[in-house]
Amino acid sequence: MIPPGADTVLVRHGDVGSKSAKVQSDMERVLRENLERTLDARDIDASVDVRWARIFARGDDVDAIADAATDVFGVVSASPCLVVDPTMRGIRRALANTAREHYDGGAFAVEARRAGSHDFTSQDIGRDGGEAVWEAVEGDFQPEVDLDDPDVTFFVECRNDAAYVFLEKRPGPGGLPLGTQRPLVALVSGGIDSPVAAYEVMKRGSPIVPLYLDLGPYGGPDHEARAVETVRRLATYASGRDLTVHKVPAGPAVKRVVDATGAERMLVYRRLMYRIAEAVADEESAVGIVTGEALGQKSSQTAANFAAVDDATTLPIHRPLFTRDKQDIVSQARKVGTFDTATVDTGCNRIAPDYPETNADPAAVRAAVPDDLTELIEEAVADRDRVEVA
C-alpha cells in the first residue's frame, strides 16, 4: 500500500551499517550506484541520494522504484513514502489522508521513530498520529487500536528536515552491495544448486564470472539453454554488471576421464572442473571458485571426497550450500526464480560409474588423473565461447 502523493522510496541497508565509518561510506556509495544502475536497466526515472545511513530514491513511479530496490543486494527493505514537513501538523495531515485512502477496517497502530530536534517525541507521534487516523475514519466505521498485532500499521520516520509516512516495508535480499568484494568464478549447470550458490556469493558482495562446461555427449538435453537461462535470471540482481557465460567445450576432456578411470571417476571429473575454473579465473582476475556442492548430497560430495579433490587448484573453493538441506535449496531457487529452468539433472549421471568412490584416498585420486588431462584442459579453455545473457 502506498500513501497518496508518495514520491520517495526509503531504502534501508543492514550489514553495511555494522562497518567502520569509512567502510560504511564506501559501501553506501556502491549501494547507491547499484540502485541507480538497476533503475536505469529497467528504464525507471529516479534520483538517488544517501543521508543518515538511509538511501532515498525519488521519482513518479514509487511502486516500480521500490520493487527495483528490493532486487539490489545490500538492501534490507524499501518503503514507498510520503514526505511532509517534520511538524506534528504535517504528520497528522499525512496520516489522516493515508488512512482515508487505505484503512477500511480492522485494528491499526502508529509506529514512530524520531531523530533530531523537535518539540515532540516519538511517543507523541504515536499518540497524536493515532488520534488523526481515528478521526479520519470514524465516520465510516469503528476503528480499533492494537499495538501488538495490528492489521494495518502506519509508519512515521521523522528527521530534522522531513518526516516520512509509509505503510509497508518490502523485504530485500540483504547482504552486502555487489562489487564490494573481488569476483569469483561460478560453476553453473542446468541444475538447481549452482545458481543458488552463485546468488549467495553475489549477496555477499562478489560479482561472478559464470562458467558452463559443455560436456558434449555426456551432458543432458538442453543443458546449455538451462544454464544460460538461470544466469539470465541471476542478472536481474547484478545491477547492470556483465554476466556473460564462459562456455568451455569440455567434452573431449570428460571423455578422456571416463575412458581412463573407474571408481574415482567423479572425483577426477571434479578436479577437471576446478582446474578449468582456475584457468578462467586467472584470465578474469577472479580470486576463487564457487560451486553448488553440499556435504553428503551426492556420493561424490562426502567429506573424504572433498579432501581428495580440493588440492586440484590453488584457489579457494567456496561452497555456500555446504550444510544446506536439499529442500531448503529448492525453496530458495523458487524464491530467486531459477527453479523453473533447472528441472533436470546436470548430466553427471552419464559420467558416474556404477560403484562410485565415497571415501577416497587423495593419493589414489591424484594417481587416477590421466597424464594428458592438462593439455586437454588448456585446449578447452582456449576454445571457450562467450554467451551473452542480456
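For the structure, check the block above.
The shown structure was predicted, so the numbers you read here are calculated from the model rather than taken from an experiment. (Residues numbered from 1 in each chain as written. Predicted model: local features only at pLDDT ≥ 70, side-chain atom pairs only at ≥ 80, totals over all residues. Heavy atoms only, no water.)

Trainee: Hey, could you run me through the side chain of Ser-77 in this one?
Mentor: Tracing the chain through its elements places Ser-77 in strand 4 (residues 75-84). A polar contact is formed between the side chain of Ser-77 and the side chain of Arg-12, at a distance of 2.9 Å. If we skip the residues at most four places from it in the chain, Ser-77 touches Leu-10, Val-11, Arg-12, Lys-169, Arg-170, Pro-171 and Gly-172. (Helix = DSSP H or I, 4+ residues; strand = E, 2+ residues; numbered from the N terminus. Polar contact = N/O pair within 3.5 Å; in protein donor to acceptor, adjacent residues only side chain to side chain. Contact = heavy atoms within 4.5 Å.)

Trainee: Help me out: how do you make sense of a negative patch on the surface in this one?
Mentor: Among the surface-exposed residues, Asp-7, Asp-40, Asp-43, Asp-45, Asp-60 and Asp-61 lie close enough to one another that they form a single negatively charged patch. Here Asp-7 shows up in the segment before strand 1 (8-13). (Patch = residues over 30% accessible without salt bridge, like charges linked within 9 Å, V, L, I, M, F, W, Y side chains within 5 Å. Areas by Shrake-Rupley, 256 points an atom, 1.4 Å probe, with all protein chains shown as cover. Salt bridge = Lys/Arg side-chain N within 4 Å of Asp/Glu carboxyl O. Lys, Arg positive; Asp, Glu negative; His and termini not counted. Charge placed at Lys NZ, Arg CZ, Asp CG, Glu CD.)

Trainee: Looking at this structure, I do not really get helix 7 (residues 251-260). What am I missing?
Mentor: Residue pairs spaced three or four apart in an α-helix point in one direction, given the helix's 3.6 residues per turn. Residues Gly-251, Ala-253, Val-254, Val-257 and Val-258 constitute the buried set of helix 7. Mapping the buried residues of helix 7 onto a view down its axis gives an arc of 165°, with all of them on the same face. Opposite the buried face of helix 7, by more than 90 degrees, sit the exposed residues Pro-252 and Asp-259. If you follow the buried residues of helix 7, they end up packed against strand 11 (208-214), strand 12 (245-249), helix 8 (265-284) and helix 12 (373-382). (Buried < 20%, exposed > 50% of the residue type's maximum accessible area, 1.4 Å probe, protein only. Arc of directions from axis to C-beta.)

Trainee: What is the right way to read the packing of helix 3 (residues 88-102) against helix 4 (residues 122-137) from this model?
Mentor: A pair of packed helices can be characterised by two numbers: the angle between their axes and the separation between those axes. Across the interface, helix 3 lies against helix 4 with an axial gap of 8 Å and an inter-helix angle of 40°. Taken together, the axis directions place helix 3 and helix 4 in an arrangement best described as oblique. In terms of crossing hand, the pair formed by helix 3 and helix 4 is right-handed. Across the interface between the two elements, Met-88, Ile-91, Arg-92, Leu-95, Ala-96, Ala-99 and Arg-100 from helix 3 touch Asp-124, Ile-125, Asp-128, Gly-129, Glu-131, Ala-132, Val-133, Glu-135, Ala-136 and Val-137 from helix 4. Looking at the contact of helix 3 with helix 4 residue by residue, the class counts come to ten nonpolar, one polar and six charged. (Axes fitted to C-alpha atoms, helices over the stretch in contact; angles between N-to-C directions. Parallel < 35°, antiparallel > 145°, perpendicular 65-115°, else oblique. Left-handed = near helix turned anticlockwise from the far one by under 90°. Nonpolar A, V, L, I, M, F, W, Y, C, P; charged D, E, K, R; others polar.)

Trainee: Teacher, can you tell me more about unusual backbone geometry here?
Mentor: For residues besides glycine, phi is generally negative; the peptide bonds are generally trans as well. At Asp-43, a position not held by glycine, the phi torsion is positive, near 55°. For Asp-43, the location among the structural elements is in the loop between helix 1 (21-41) and strand 2 (47-51). In this model, Ser-285 sits at a positive phi of 60°, which is unusual for a non-glycine residue. The residue Ser-285 is located in the loop between helix 8 and strand 13 (289-290) in this model. Owing to a relative accessible area of 47%, Ser-285 belongs among the partly exposed residues under this scheme.

Trainee: Would you mind going over the environment of Ile-289 with me for this structure?
Mentor: Tracing the backbone through its elements, the reader meets Ile-289 in strand 13. It is 28 Å that separates the C-alpha atoms of Ile-289 and Arg-32, two residues lying 257 residues apart in sequence. Sequence-distant contacts of Ile-289, that is, excluding residues within four places in its chain, are made with Val-185, Leu-187, Tyr-274, Ala-277, Glu-278, Thr-313, Leu-315, Pro-316, Ile-317 and His-318.

Trainee: Where do I start with the packing of aromatic side chains in this structure?
Mentor: Two aromatic rings, taken as a pair, are described by how far apart their centres are and by the angle between their planes. With the rule as written, the count across this model stands at ten aromatic pairs. Note on Phe-73 and Tyr-199: the rings are 5.1 Å apart at their centroids and 65° apart in plane angle, and the pair reads as edge-to-face. Here Phe-73 is found in the loop between helix 2 (62-69) and strand 4, whereas its partner Tyr-199 is found in helix 5 (residues 193-203), with 126 residues between them in sequence. Classification of Tyr-199 as buried rests on a relative accessible area of 9%. Plain terms: the ring middles of Phe-306 and Phe-322 are 5.7 Å apart, the flat faces sit at 45° to each other, and that makes the pair tilted. Separated by 16 residues along the polypeptide, Phe-306 in helix 9 (residues 303-309) and Phe-322 in the loop between strand 14 (317-318) and helix 10 (326-336) bring together distant segments of the chain. Classification of Phe-306 as buried rests on a relative accessible area of 5%. You can call Phe-322 partly exposed: its relative accessible area is 32%. Arg-334 extends its terminal NZ or CZ atom over the ring of Phe-339, reaching a point 3.9 Å from the ring centre. (Phe/Tyr/Trp six-rings, centres within 6.5 Å; stacked < 30°, edge-to-face > 60°. Lys NZ or Arg CZ within 6 Å of the ring centre and 35° of its normal.)

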